Amino acid sequence: MQRLLASGCSSSARIGIGLSEGGFEDARARLAELGCRIHLSRFESTSELVASLHEGAIDAAVRGTMRSSETLAELKKVFHLAEAMRTAVLEDSSGKPFLLAPVGIDEGRDFDSRLRLVQHAISYFSSAGWELNVGILSKGRLEDKNRGSEIKSSIEEGDRMAEILTVEGHNSWNFTILVEDAVKECELVVAPDGVAGNLMFRTLHLVGGRKAYGAPVVNIPKVFVDTSRTRSDFSDPIRLAAGLFQAQAKQREVALKL
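Below or above, wherever it landed, is the structure these notes cover. Owing to the predicted nature of the structure, the values given are computational and were not obtained by experimental measurement. (Residues numbered from 1 in each chain as written. Predicted model: local features only at pLDDT ≥ 70, side-chain atom pairs only at ≥ 80, totals over all residues. Heavy atoms only, no water.)

### Points about the environment of Val225
Working step 1: Mapping Val225 onto the fold places it in strand S10 (residues 223-226).
Working step 2: Along the backbone, Val225 and Gly214 are 11 residues apart, and their C-alpha atoms lie at a distance of 5.9 Å.
Working step 3: Not counting the four nearest positions on each side in its chain, Val225 is found in contact with Ala61, Val62, Arg63, Tyr213, Gly214, Ala215, Pro216, Pro237, Leu240, Ala241 and Leu244. (Helix = DSSP H or I, 4+ residues; strand = E, 2+ residues; numbered from the N terminus. Contact = heavy atoms within 4.5 Å.)

### Examining the packing of aromatic side chains
Working step 1: With the rule as written, the count across this model stands at 3 aromatic pairs.
Working step 2: Each ring, one from Phe125 and one from Trp130, has its centre 5.8 Å from the other, and the planes form 90°; the classification is edge-to-face. The burial state of Phe125 is the same as that of Trp130; both residues are buried.
Working step 3: Following the ring pairs from residue to residue traces out a cluster consisting of Tyr124, Phe125 and Trp130.
Working step 4: Here the basic side chain of Arg160 rests over the ring of Phe111, its NZ or CZ set 4.0 Å away from the ring centre.
Working step 5: For the cation-ring pair, Arg231 lies above Phe234, with the distance from its terminal atom to the ring centre recorded as 6.0 Å. (Phe/Tyr/Trp six-rings, centres within 6.5 Å; stacked < 30°, edge-to-face > 60°. Buried < 20%, exposed > 50% of the residue type's maximum accessible area, 1.4 Å probe, protein only. Lys NZ or Arg CZ within 6 Å of the ring centre and 35° of its normal.)

### Quick word on the sheet that holds strand S1 (residues 14-18)
Two strands in a sheet stick together by hydrogen bonds in their backbones, pointing the same way (parallel) or opposite ways (antiparallel).
Working step 1: Spatially, 10 strands are ordered S2-S1-S3-S10-S9-S4-S5-S8-S6-S7 in an open sheet, and the strand pairing comes out mixed. Each edge of the open sheet is held by one strand with a lone partner, namely strand S2 (39-43) and strand S7 (172-174). Across the sheet, the mean angle from the axis of one strand to that of its neighbour is 25°, orientation sign disregarded.
Working step 2: Strands strand S6 (134-136), S7 and strand S8 (188-190) of the sheet are contacted by helix H6 (residues 149-167), whose axis makes an angle of about 170° with S7. (Pairing = 2+ DSSP bridges. Axes fitted to C-alpha atoms, helices over the stretch in contact; angles between N-to-C directions.)

### Quick look at the pattern of salt bridges
Working step 1: Enumeration according to the criterion identifies 16 salt bridges in this entry.
Working step 2: Between Glu70 and Arg67 there is a salt bridge, with its nearest N and O atoms 3.7 Å apart.
Working step 3: In this structure Glu70 comes out as partly exposed when scored by relative accessible area, which is 43%.
Working step 4: For Lys211, the salt bridge identified is with Asp236, shortest N-O distance 3.9 Å. Of the two residues, Lys211 sits in the loop between helix H8 (194-207) and strand S9 (212-216) while Asp236 sits in helix H9 (residues 235-257), which places them 25 residues apart along the sequence.
Working step 5: Judged by relative accessible area, Lys211 falls into the partly exposed class, the value being 38%.
Working step 6: Sharing partners across several salt bridges, the network here consists of Arg63, Arg86, Glu107 and Asp226. (Salt bridge = Lys/Arg side-chain N within 4 Å of Asp/Glu carboxyl O.)

### Remarks on the side chain of His205
Working step 1: Within the secondary structure, His205 sits in helix H8.
Working step 2: Its relative accessible area of 17% is what places His205 among the buried residues.
Working step 3: In terms of polar contacts, His205 uses its side chain to reach the backbone carbonyl oxygen of Arg210, at 2.8 Å.
Working step 4: Filtering out sequence-adjacent residues up to four positions away, His205 remains in contact with Leu90, Arg210, Lys211 and Ala212. (Polar contact = N/O pair within 3.5 Å; in protein donor to acceptor, adjacent residues only side chain to side chain.)

### Points about the nonpolar core
Working step 1: Within the largest apolar cluster, 50 residues are counted, with the highest numbers of intra-cluster contacts made by Ile15, Leu188, Ile238 and Leu240.
Working step 2: Of all the elements, helix H5 (residues 111-126) adds the most residues to this core, at 8 residues.
Working step 3: Those residues in contact with Ile238 that sit more than four places away from it in its chain are Ile15, Ile17, Ala27, Leu31, Ile38, Leu40 and Val62.
Working step 4: Of all hydrophobic cores here, the second largest spans 16 residues; its members include Ile58, Leu75, Val78 and Val217. (Core = buried A, V, L, I, M, F, W, Y, C linked by side-chain atoms within 4.5 Å.)

### With respect to the state of the cysteines
Working step 1: Inspection of every chain in the model, using the stated rule, returns 1 disulfide.
Working step 2: The partner cysteine of Cys9 in its disulfide is Cys36, sulfur to sulfur 2.1 Å. An S-S torsion of about -100° defines the bridge between Cys9 and Cys36 as left-handed. One end of the pair, Cys9, is in helix H1 (residues 2-10); the other, Cys36, is in the loop between helix H2 (21-33) and S2, with 27 residues separating them in the sequence.
Working step 3: The class for Cys9 is buried, based on a relative accessible area of 9%. (Disulfide = S-S within 2.5 Å.)

### Brief notes about the packing of H5 against H6
Working step 1: Contact pair H5 / H6: the axes reach a minimum separation of 11 Å and the direction vectors enclose 35°. H6 is crossed by H5, and the crossing has right-handed handedness. Judged by residue contacts, Phe111, Arg114, Leu115, Val118, Gln119 and Ile122 of H5 engage Glu157, Arg160, Met161, Ile164 and Leu165 from H6.
Working step 2: Looking at the contact of H5 with H6, its residues break down into 7 nonpolar, 1 polar and 3 charged. (Left-handed = near helix turned anticlockwise from the far one by under 90°. Nonpolar A, V, L, I, M, F, W, Y, C, P; charged D, E, K, R; others polar.)

Given below as structure tokens:
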């Protein structure tokens, strides 16, 4: 994570963000304090921000304080997506960065959508040099299967997902309800559904004060970092967006040489 942030800060990437004029000036001032070379542009229209990203007028985008529902709808329309898949980047109490998904209340409602999200996240972050061990969460321990059909189904789906990902060549385990062990041992933590993931994110970040860097959309070919509208300092998601763009650009250069 620190490597990505440093790479982004030292780059001259063109980053667009949806902020008020005052918030934009605050963001520019903070980036200047950090010694960043990023070229930051302000957008007032969601459609203009997403169109500029799609057309290559900017290298990456950050939602900023734009409305989430409007932004995700525009991303799906412009990039022809059935669903926009986000993966939040957080830190635990020891400062270790990890990924959490799904984090939207309407995301990961069924097994197939969660599996697709995990597969996209693994591919997306591996392009940035982040190899992921996957910790899958269920709604109870193994011995809790007889405590309700929903709990039993969740545990069985966790086992099934771990098995599929393992066959695909990824390190993956079902940690059942033991989120503390999953965060300790894995880089990607998979919540049982989007509601649980959203509650986990809010508890960690907004109640527990753990750092949140943003939530990249992992199923588009461009870099778009979603953010919480409540944050006051957007320098981390801006640097993350620039760092991800730099990492993807380097991977494309290597691929061309091969």
